[in-house]
Amino acid sequence: MPQQKIKKYTQIASFEGVGLRYNNGPEVLRDIHFSLEPGSIHFLTGESGAGKTSLLSLMYLDNRPSRGHVRLFDTPIEGAPRKQLPFIRRKIGVVFQDFRLLEHLSTFDNVALPLRIAGVKEAEIRRHVGELIKWVGLAGQINSKITTLSGGQKQRVAIARAVINRPALLLADEPTGNVDDELAKRLLHLFIELNKLGTTVVIATHSEPLIHHFGFPRLHLEQGRLQVLPGVTSPFCVNPMESEKEE
Amino acid sequence: MLSRKSELPFVYDSSSLFLPWMVMLMVFIAILASAGGMALNSTLHHWNRAISGSLTVQIPTHDRAGVTRGKQVQKDIDRTIEFLLKTPGIEKAEQLSKDQMRKLMDPWLGDLDDFSDLPLPELIDVTLKKDYPVNFEELKEKLEEIVPSASMDMHRVWLERLIALAEGIKKITTLVLLLLILTTSLTVIYSTRSSLAVHKPAIELLHMMGAKDSYICVQYAFRTFRMSLIGGLAGLALALPVIITISTLVAQLKGGFITTAQGQPFFWPVVFSLPFVASFLSVATAYITVSRHLKKFL
């Protein structure tokens, strides 16, 4: 991965009294208060329809809150000029539930996409993308079209694309939904590695075994309201106490 | 430049495949309209020059029964020239020589050495003073009183009408070109909007990854440039044989009554630049369309 320096921020994300409704519908998120400290790692949990994807969409700037204040990387989003938003987005890596890969491009070009958008030189792109694809076990598929890959392989491409830029904030929406337990753990270890390097990580998941195995603190959504639950002591949990501070 | 890899899957974009065909048609019509406009311009210039400051008086060499009028012809010529030179506003009045007559008749009669057997009238070329108003109707009446056989050629009158018609056609040509620009722009807007709808998920993805608006606009600009240039060059390839054929046919008319546009100094640069002008117009339209669309995004 390119050795992009992660700046020091007071808070990576901060939500104060945030509400979200689509058009004139009911609020899907209500009175959300939480903040993500730099270098933290959280699971985002909740039943289907609880608002996990909506919360993530506010964090990767796909939606504007209907009320309340959102700050990302110490920048208040409502006051930020539109021209500044692409630079904020480039600090965020997202693994989408449905992967959102570009099917007409190869594995290599999909993973290289964030670097190309950021204007990284092609020689550097070749070096880093090749390494990462090898690491996620897709060296043999580097030039394959996405349509020829299995669900699990696509998921690994999506993860590689999200982390290639060494983002300051990584948001993963059900990143292990299509892979077996072993690979799921291996992918989570990749997130932990990134977290150790300074990336703040939020992983939305339904997987109870993973939640228990890794024991990270949880952002738990229930009927559009958020609760921050402490993590359990686990060798993988970098700083389980920090969520308690937030409470 | 044309092979730049696009992150947007334009290759599956069947909604835009008609763009090169539309641009081809537009460039074809634009080249023909420009060629027509420039030919008209050149012809008008020629006609304007022809009617400004000159008229012709005819003295028949034969009477109505076809019998030669003999020495009376020269007498009529002399009296006509004498009358004309006394008339205010007329600078010069000269009888056309045999050589000048031969040159004049060449487009109709070919290279005839001797056409004395033909009942052709003698012609007097009259040069008018510049900016001096002459009442042609009055002049004609007076001349016919003095020399009843003389007839003044009123080609000025019908040529003026023809010039008015040609000026009208020139305006229509300009209007056609403006309509072509409008149609090309609307076609590009429609094609780009369809493409934006087709590629919405991919565009949203690029946007979410931090692509600036210009990053997406440039991809559309390249796509539009490639397609418009292909269409424009095809339009040029189709128009060239048509222009050459028309020019050849016009050249056969001889006499220079209608002129072609090729002689105009800017004709070929204009023709060859039209595919590029159409491409740049399309690119600018596509860029603005995409840019305005993306402004709706957060």
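Conventions used here
- Residues numbered from 1 in each chain as written.
- Chains lettered and ligands numbered in written order.
- Predicted model: local features only at pLDDT ≥ 70, side-chain atom pairs only at ≥ 80, totals over all residues.
- Heavy atoms only, no water.
- Helix = DSSP H or I, 4+ residues; strand = E, 2+ residues; numbered from the N terminus.
- Buried < 20%, exposed > 50% of the residue type's maximum accessible area, 1.4 Å probe, protein only.
- Contact = heavy atoms within 4.5 Å.
- Areas by Shrake-Rupley, 256 points an atom, 1.4 Å probe, with all protein chains shown as cover.
- Pairing = 2+ DSSP bridges.
- Expected span 1.5 Å × (residues − 1).
- Bend = angle between axes of the 7 residues up to and from the residue.
- Axes fitted to C-alpha atoms, helices over the stretch in contact; angles between N-to-C directions.
- pLDDT = per-residue confidence, 0-100.
- Buried area = accessible area lost by both parts, 1.4 Å probe.
- Salt bridge = Lys/Arg side-chain N within 4 Å of Asp/Glu carboxyl O.
- Polar contact = N/O pair within 3.5 Å; in protein donor to acceptor, adjacent residues only side chain to side chain.

Tallying secondary structure elements over chain B gives eight helices and four strands in all. In chain B, which comprises 298 residues, the share counted as buried stands at 42%. For chain B, contacts bridging at least 24 residues in sequence account for 82% of all contacts bridging at least 6. When the accessible area of chain B is evaluated, it comes to approximately 16700 Å², of which 64% is carbon and sulfur surface.

Right, let's get into the pairing of strand S2 (residues 27–36) of chain A. In this sheet, S2 of chain A lies alongside strand S1 (residues 13–21) of chain A in antiparallel orientation, the contact comprising six bridges. Within S2 of chain A, the residue paired with Arg 21 of chain A across the bridge is Glu 27 of chain A.

This next bit is on helix H8 (residues 267–294) of chain B. End to end, H8 of chain B covers 40 Å across 28 residues, agreeing with the expected 40 Å (1.5 Å per residue, within 8%). Roughly 40° is the biggest bend found in H8 of chain B, and it falls at Leu 274 of chain B, with proline Pro 275 of chain B one to four residues downstream.

Residue and element names in this part refer to chain A. The strand order S2-S1-S4-S5 describes an open sheet built from four strands, whose pairing is antiparallel. Among the strands making up the open sheet, the edge pair consists of S2 and strand S5 (75–76). Relative to strand S4 (residues 67–72), S1 runs antiparallel, the two being bridged by five bridges. Within S4, the residue paired with Gly 19 across the bridge is Arg 67. Of the strands in this sheet, S1, S2 and S4 touch helix H1 (residues 52–59), which is tilted by about 55° from S2.

Attention now moves to the pairing of strand S3 (residues 41–45) of chain A. On a regular strand, each side chain points to the face opposite its neighbour's, so the side chains alternate between the two faces of the sheet. Residue and element names in this part refer to chain A. Here S3 lies mainly inside the structure; five of its five residues are buried. Taking every second residue as pointing to the same face, both faces of S3 are buried, with Ile 41, Phe 43 and Thr 45 on one and His 42 and Leu 44 on the other. Here four bridges tie S3 to strand S8 (residues 200–204), and the two strands are oriented parallel to one another. Bridge pairing in S8 places Leu 44 opposite Ala 204. With three bridges connecting them, S3 and strand S9 (residues 218–222) associate as parallel partners. Within the sheet, the bridge partner assigned to Thr 45 lies in S9 and is His 220.

As a further point, take the confidence of the model for chain B. Residues and elements named next belong to chain B. Of the residues in chain B, 87% reach a pLDDT of 70 or more, and the chain-wide mean stands at 82. Averaged over each element, pLDDT in chain B is lowest for helix H3 (residues 98–109) (74) and highest for H8 (91). Scored as a complex, the prediction yields pTM 0.72 and ipTM 0.83.

All right, on to the interface of chain A and chain B then. Contacts between chain A and chain B engage 22 residues on the former and 21 residues on the latter. Of the roughly 2000 Å² buried between chain A and chain B on both sides combined, carbon and sulfur atoms contribute 65%. Counting across the chain A and chain B interface gives one salt bridge. Close ionic contact of Arg 82 of chain A with Asp 213 of chain B constitutes a salt bridge, the shortest N to O distance being 2.7 Å. Across the chain A-chain B interface, the total number found is six residue pairs in polar contact (both at pLDDT 80 or more).

Before going further, it helps to spend a moment on the environment of Glu 7 of chain B. Along the polypeptide, Glu 7 of chain B turns up in the segment before helix H1 (18–51). Using a relative accessible area of 7% as the deciding quantity, one classes Glu 7 of chain B as buried. Through-space distance from the C-alpha of Glu 7 of chain B to that of Ile 203 of chain B is 9.1 Å; in sequence the pair is 196 residues apart. Other than its neighbours up to four places away in sequence, Glu 7 of chain B contacts Leu 102, His 104, Leu 105, Leu 113 and Arg 116 of chain A together with Leu 206, Tyr 215 and Gln 219 of chain B.

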